[in-house]
Amino acid sequence: MQSQLIVMLTQNDITVKNASEIFDSCKDLPVNYWGFKNVGISPDATRDLIAAMKKHNKVTFLEVVTYTEESCLECAKMAVDFGFDYLTGTRFFPSVADFLKDKPIKYYPFVGNVGGSPVTLTGTEQDILNDCKRLEQAGVHGLDLVAYRYVDGDPVALAKSVVASATTEVILAGSIASEERIRIVNEINPFAFTMGSALFDKLFVPDGDFRANLEKVIDVMNSL
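Numbering of residues starts from 1 in every chain and runs along the sequence as written. In view of the model being predicted, local features appear only for residues whose pLDDT reaches at least 70, and side-chain atom pairs are presented and counted only at 80 or more, with totals across whole chains, interfaces and linings using the full set of residues. Note that water and hydrogens are dropped before the side-chain values are worked out from all heavy atoms of the structure.

### What about unusual backbone geometry?
Following Ser-117, the chain continues into Pro-118 via a peptide bond in cis, with omega recorded as 0 degrees. Strands are runs of DSSP state E lasting at least two residues, helices are runs of H or I lasting at least four, and both sets are numbered from the N terminus onward. Inspection of the secondary structure puts Pro-118 in the loop between β8 (113–115) and β9 (120–122). In the Ramachandran plot, Asn-57 falls in the positive-phi region, its phi being about 60 degrees despite a non-glycine side chain. Relative to the elements of secondary structure, Asn-57 occurs in the loop between α2 (43–55) and β5 (59–64).

Structural data, given as structure tokens:
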């Protein structure tokens, strides 16, 4: 099965101020997976945006890019309260996993040593693979890998190793910002990959708006 595109209404790991308007302008396109970050948007705006996405039968993702246990647990509670389908990102904390275990939401925490904004990933490939196994054994539904934010080695080699060895689904998140990288990700074949900044930065259609760039990405994926 081809990897799924998760459209993130975020730029530089911050939810854009006009996220609702952007979604409204693109809701008719054949993309089912939509999400945004916990940063840059108020709780009330989050609730309204999720309601709009649900109204149009979209699958929803909250990616958390703050890293304290308190923040991660707070975001997990919000994600459940607002009806998100997936909680991704966050550092893994047993308290978060325990809270989510009987909730109707899937938990895909970041793997490896992550931090910063935009998020970066450090460590050896083996360290990251070991962390994947640790999280899988802890019962997470899947893994969130910021492969192209990996600074201590080859991002593509890391992504291939993680996806090949994982026993759960993998999302590749961050900096998939060219047709070449879309094709590489398709070959690696994770469950899904995220894209946000590349669409806002008009990296596919320089003279086009967000919708035109998203349409171009859809065309590229359909050609694979």
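From this point on, the discussion continues.
### Some remarks on helix α7 (residues 179–188)
Only protein chains enter the area calculation, which uses a 1.4 Å probe; residues under 20% of their type maximum are buried, those over 50% are exposed, and those in between are partly exposed. Turning to α7, its buried residues are Ile-182, Ile-184, Val-185 and Ile-188. Down the axis of α7, the smallest arc covering the buried residues is 165 degrees, so these residues share one side. Residues of α7 that are exposed and point over 90 degrees away from its buried face: Glu-180 and Glu-187. Whether two residues are in contact is decided by their heavy atoms, any of which lying within 4.5 Å being enough. Residues of α7 that are buried sit in contact with α6 (155–165), β11 (169–172), β12 (192–195) and α9 (210–223). With its phi angle positive at about 65 degrees, Asn-189 sits one or two positions after the end of α7. Arc definition: it is the arc formed by the directions from the helix axis to the C-beta atoms.

### Quick word on the layout of surface pockets
A pocket here means an open set of points on a 1 Å grid, computed over the protein atoms alone, that has protein on both sides within 12 Å along at least five of seven lines. A cavity is instead a set of points where a 1.4 Å probe fits but cannot get out; residues with an atom within 4 Å of a point line either one. Grid points are joined across faces, edges and corners, and a volume is the space filled by probe spheres set on the points. If you add up the space inside the largest pocket, you get close to 270 Å³. As for the largest pocket, its lining consists of 24 residues, and the residues nearest its centre are Asp-13, Arg-149, Gly-174, Ser-175 and Ser-197. Contributions of two or more residues to the lining of the largest pocket are made by β12 and α8 (197–200). The classification used treats Ala, Val, Leu, Ile, Met, Phe, Trp, Tyr, Cys and Pro as nonpolar, Asp, Glu, Lys and Arg as charged, and all other residues, Gly among them, as polar. For the lining of the largest pocket, the per-class residue count stands at 12 nonpolar, 7 polar and 5 charged.

### Digging into the environment of Thr-90
Within the secondary structure, Thr-90 sits in the loop between β6 (86–89) and α4 (94–100). Measuring from C-alpha to C-alpha, the distance between Thr-90 and Asp-13 comes to 13 Å, with 77 residues separating the pair along the chain. Thr-90 has contacts with Val-64, Thr-66, Cys-72, Tyr-107, Pro-109 and Phe-110, leaving out every residue within four places of it along the chain.

### Digging into the sheet that holds strand β10 (residues 142–145)
Within a sheet, neighbouring strands are paired by backbone hydrogen bonds and run either parallel or antiparallel to one another. Read across the sheet, 8 strands follow the order β7-β6-β5-β4-β1-β12-β11-β10 without closing on themselves; strand pairing throughout is parallel. Whereas interior strands pair on both sides, the edge strands pair on one side only; in this sheet they are β7 (106–108) and β10. Shown here is a sheet whose adjacent strand axes are inclined to one another by a mean of 25 degrees, direction ignored. Strand pairing is assigned whenever DSSP identifies at least 2 bridges connecting the two strands. Sheet topology note: the β5/β6 ladder contains 4 bridges and is parallel. Opposite Val-64, over in β6, you have Gly-89 as the bridge partner. α2 rests against β4 (33–37) and β5 of the sheet, and its axis sits at about 175 degrees to β4. Angles here are taken between N-to-C directions and fall from 0 to 180 degrees, while the axes themselves are lines fitted to C-alpha atoms, restricted in helices to the stretch in contact. This element, α9, spans β1 (4–8), β4 and β12 of the sheet and lies at about 170 degrees to β1.

### So, the packing of aromatic side chains
Geometrically, a pair of aromatic rings is defined through the distance of the ring centres and the angle of the planes. Two rings belonging to Phe, Tyr or Trp (six-membered ring only in the last case) form a pair when the distance between their centres is within 6.5 Å. Interplanar angles under 30 degrees mark stacking, angles over 60 mark edge-to-face geometry, and anything in between is tilted. Under the defined criterion, the tally for this structure stands at 10 aromatic pairs. Judged by centre distance (5.4 Å) and plane angle (50 degrees), the rings of Tyr-33 and Phe-61 are tilted. Separated by 28 residues along the polypeptide, Tyr-33 in strand β4 and Phe-61 in strand β5 bring together distant segments of the chain. Overall, Phe-61 belongs to the buried group, its relative accessible area being 1%. Following the ring pairs from residue to residue traces out a cluster consisting of Tyr-33, Phe-61, Tyr-86, Tyr-108 and Phe-191. Charge over a ring is defined by NZ of Lys or CZ of Arg lying within 6 Å of the ring centre and within 35 degrees of the ring normal. The ring of Phe-99 is capped by Lys-103, whose NZ or CZ atom sits 4.1 Å from the centre of that ring.

### A few points about the pattern of salt bridges
Take a side-chain nitrogen of Lys or Arg and a carboxyl oxygen of Asp or Glu: if they are within 4 Å of each other, that pair is a salt bridge. In this structure the tally under the stated criterion is 14 salt bridges. Among the salt bridges present, the one from Glu-136 reaches Lys-133, with a minimum N-O distance of 3.6 Å. Residue Glu-136 and its partner Lys-133 are both found in helix α5 (residues 125–137); the two are separated by 3 residues, about one turn of the helix. Classification of Lys-133 by relative accessible area gives partly exposed; the value is 31%. For Glu-179, the salt bridge identified is with Lys-216, shortest N-O distance 3.9 Å. Of this pair, Glu-179 sits in helix α7 while Lys-216 sits in helix α9, and the two are 37 residues apart along the sequence. Here Glu-179 falls in the partly exposed class, since its relative accessible area comes to 31%. When its relative accessible area of 31% is taken as the criterion, Lys-216 is described as partly exposed. Connected via shared salt-bridge partners are Asp-13, Lys-37, Glu-63 and Arg-149.

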